[in-house]
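# Coordinates in review
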Amino acid sequence: MSNKCPVTGEVKAFKRGSLKKTETQEKNHLPTVQVIDDEKTAIKEQCMKDTLNSELDEFKACTLKKAETQEKNPLPTPEVIKQEKIAIEEQCMKDTLNSELDEFKACTLKKAETQEKNPLPTPEVIAQEKIAIEEKCMKEPLNTELEGFKACKLKKAETKEKNTLPTKEGRCFKSI
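What you are looking at is a predicted structure, and each value in this text was computed from that prediction instead of being measured.

Per the secondary structure count, the chain includes 6 helices and 2 strands. Its helices and strands in sequence order give the chain the pattern α-α-α-α-α-α-β-β, from N to C terminus. Put simply, the chain has 176 residues, and 0% of those count as buried. Accessible area for the chain stands at about 20,100 Å²; split by element, carbon and sulfur atoms hold 56% of it.

This is the structure:
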């Protein structure tokens, strides 16, 4: 069968050297996984919008029933709060301040003597201390540092006056 076909003879006789060299380009028209996922989410969103829109289009406000709202837990007004405060204060005044004080029995206490551990000095002791301090000051020199002072340890220094003094004529000169 291959010998009888005229095309096979032409293919066998074809010279490959007459062909030009070309780069092949692969064209892939298939979408990536990311594109497929994006399209799926877009389709789901569109379906949800369509069903919601169709339900909204079919909705008729005249089918609703009238209803009255009731506040289940209303907040108290400032007047109510003041009244409650007054009532609480009155109740506290009527009751004893502390029921434990009413039940307290003084006979259960033990006698105790207090001892001052750091008593303050009496005026007589203070006067005696003042007299002792005055006597000590008269006996000792006023400043103990002056006793140990030695003038021979001082260094010689020259003083220079740098103040400008005016003359009788109104001119200034420096005295050095």
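In the predicted model, the chain carries a mean pLDDT of 80, and the fraction of residues at 70 or more is 86%. Here strand 2 (residues 172-174) is the element of the chain with the lowest mean pLDDT, 53, and helix 2 (residues 33-58) is the one with the highest, 87.

Reading the values: rules and limits
- Counting starts from 1 at the beginning of each chain's written sequence and moves along it residue by residue.
- With the structure being a predicted model, the display of local features is reserved for residues of pLDDT at least 70 and the display and counting of side-chain atom pairs for 80 or more, all residues being used for whole-chain, interface and lining totals.
- Note that the side-chain values use all heavy atoms of the structure and ignore hydrogens as well as water.
- Secondary structure elements are defined from DSSP: runs of H or I of at least 4 residues count as helices, runs of E of at least 2 residues count as strands, and each element is numbered from the N terminus.
- Exposure classes here rest on a 1.4 Å probe applied to the protein chains alone. A residue is buried below 20% of its type maximum, exposed above 50%, and partly exposed in between.
- Accessible surface is estimated by sampling points in the Shrake-Rupley manner with a 1.4 Å probe; for residues, cover comes only from the protein chains shown.
- A score between 0 and 100, pLDDT records how confident the predictor is in each residue.

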